[in-house]
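Topology and contacts: notes
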Amino acid sequence: MNNFNLDSIDRSILSALQKNARISMLDLSEQVGLSPTPCARRVKNLETNGVILGYRAELDDARLGYGFSVFVSVQLDKQVNNALEAFEKAIGAYPEVADCWLMTGNRDYLMRIAVSDLADFEAFLTGKLTKIPSVASIESSVPIRRIKSQLSYGE
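Here goes a summary of the coordinates provided. (Residues numbered from 1 in each chain as written. Predicted model: local features only at pLDDT ≥ 70, side-chain atom pairs only at ≥ 80, totals over all residues. Heavy atoms only, no water.)

1. Considerations on the sheet that holds strand β2 (residues 97–102)
Reading across from one edge, β2-β3-β1-β4 is the order of the four strands in this open sheet, with antiparallel pairing throughout. Bordering the open sheet on either side are β2 and β4 (135–141), each of which pairs with just one other strand. Here the strands of the sheet are splayed against their neighbours by 20° on average, with no regard to which way each runs. Note that β2 and strand β3 (residues 109–115) share five bridges and pair antiparallel. Opposite L102, over in β3, you have Y109 as the bridge partner. In the packing of helix α4 (residues 81–92) onto the sheet, contacts are made with β1 (68–76), β2, β3 and β4, and the angle to β3 comes to roughly 15°. (Pairing = 2+ DSSP bridges. Helix = DSSP H or I, 4+ residues; strand = E, 2+ residues; numbered from the N terminus. Axes fitted to C-alpha atoms, helices over the stretch in contact; angles between N-to-C directions. Contact = heavy atoms within 4.5 Å.)

2. A short note on the pattern of salt bridges
Summed over all chains, the structure comprises seven salt bridges. K128 is the partner of E96 in a salt bridge, and the nearest nitrogen-oxygen pair spans 2.7 Å. One end of the pair, E96, is in the loop between α4 and β2; the other, K128, is in the loop between α5 (118–127) and β4, and 32 residues separate them in sequence. The class for E96 is buried, based on a relative accessible area of 16%. Where D99 meets R112, a salt bridge forms, and the shortest distance between an N and an O atom there is 3.0 Å. With D99 in strand β2 and R112 in strand β3, this pair connects stretches of sequence that are 13 residues apart. Looking at D99, the relative accessible area reads 28%, which means it is partly exposed. (Salt bridge = Lys/Arg side-chain N within 4 Å of Asp/Glu carboxyl O. Buried < 20%, exposed > 50% of the residue type's maximum accessible area, 1.4 Å probe, protein only.)

3. Structural notes on the pairing of β3
Both faces of the sheet carry side chains from a regular strand, because those side chains alternate between them. Of all seven residues making up β3, six are buried, and the element is well covered by its neighbours. Where β2 hands over to β3, the hairpin turn is made up of six residues, of which G105 adopts a positive phi near 100°.

4. What about the packing of helix α2 (residues 25–32) against helix α3 (residues 36–48)?
Put simply, α2 and α3 touch, their axes get as near as 9 Å, and they point 95° apart. As far as their axial angle goes, α3 and α2 are roughly perpendicular. Of the residues in α3, those touching α2 at M25, L26, L28, S29 and V32 are P36, C39, A40 and V43. Residues belonging to the contact of α2 with α3 are distributed by class as follows: eight nonpolar, one polar and no charged. (Parallel < 35°, antiparallel > 145°, perpendicular 65-115°, else oblique. Nonpolar A, V, L, I, M, F, W, Y, C, P; charged D, E, K, R; others polar.)

5. A short note on the pairing of β1
Counting buried positions along β1 yields seven of nine residues, so the element is predominantly enclosed. Across seven bridges, the pairing between β1 and β3 is antiparallel. Residue V70 lies in a different strand from β3, and its bridge partner there is I113. Inspection of the sheet shows β1 paired to β4 by six bridges, in the antiparallel sense. The residue bridging V72 from the neighbouring strand is S140, located in β4.

6. Some remarks on the packing of aromatic side chains
For any pair of aromatic rings, geometry is given as the distance between the ring centres together with the angle between the planes. By the definition in use, this model includes two aromatic pairs. Considering the side-chain rings of Y94 and F124, the 5.8 Å spacing of their centres and the 85° angle between planes classify their relative orientation as edge-to-face. Highlighted residues: Y94 in the loop between α4 and β2 and F124 in helix α5, separated in sequence by 30 residues. Each of the two residues, Y94 as well as F124, counts as buried. (Phe/Tyr/Trp six-rings, centres within 6.5 Å; stacked < 30°, edge-to-face > 60°.)

In structure tokens:
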């Protein structure tokens, strides 16, 4: 994968879009110091080159009834393709899994589970996660508060 060279204006565009992806092109262009047409060209170029992958709404888990998050590390009994694929397929079907990463180190996966409360987490853990055949061990951590949240790039 090739890196895309960003100049200071591209970085400013990305920073502004991360704060508000619905910003008008006029407001964005004023914020980064360009006229609207060159600004729109730069945004299109960032999209075309895969720097901007898409736009999404950021949702408030708590207001939707999922204010209890748990980070769960999972180790599989074997790190072979069919075990990884089976685990990933099973996890993909569970709406409680808000995020899931394949990891290096002593754990194979790190997930963020979003549920309404501890009882819902227990039901997910005992009714779903522990039933996946290749799961060898599970470690859970409950976050106290979020310190920073950022999608990927920021100034």
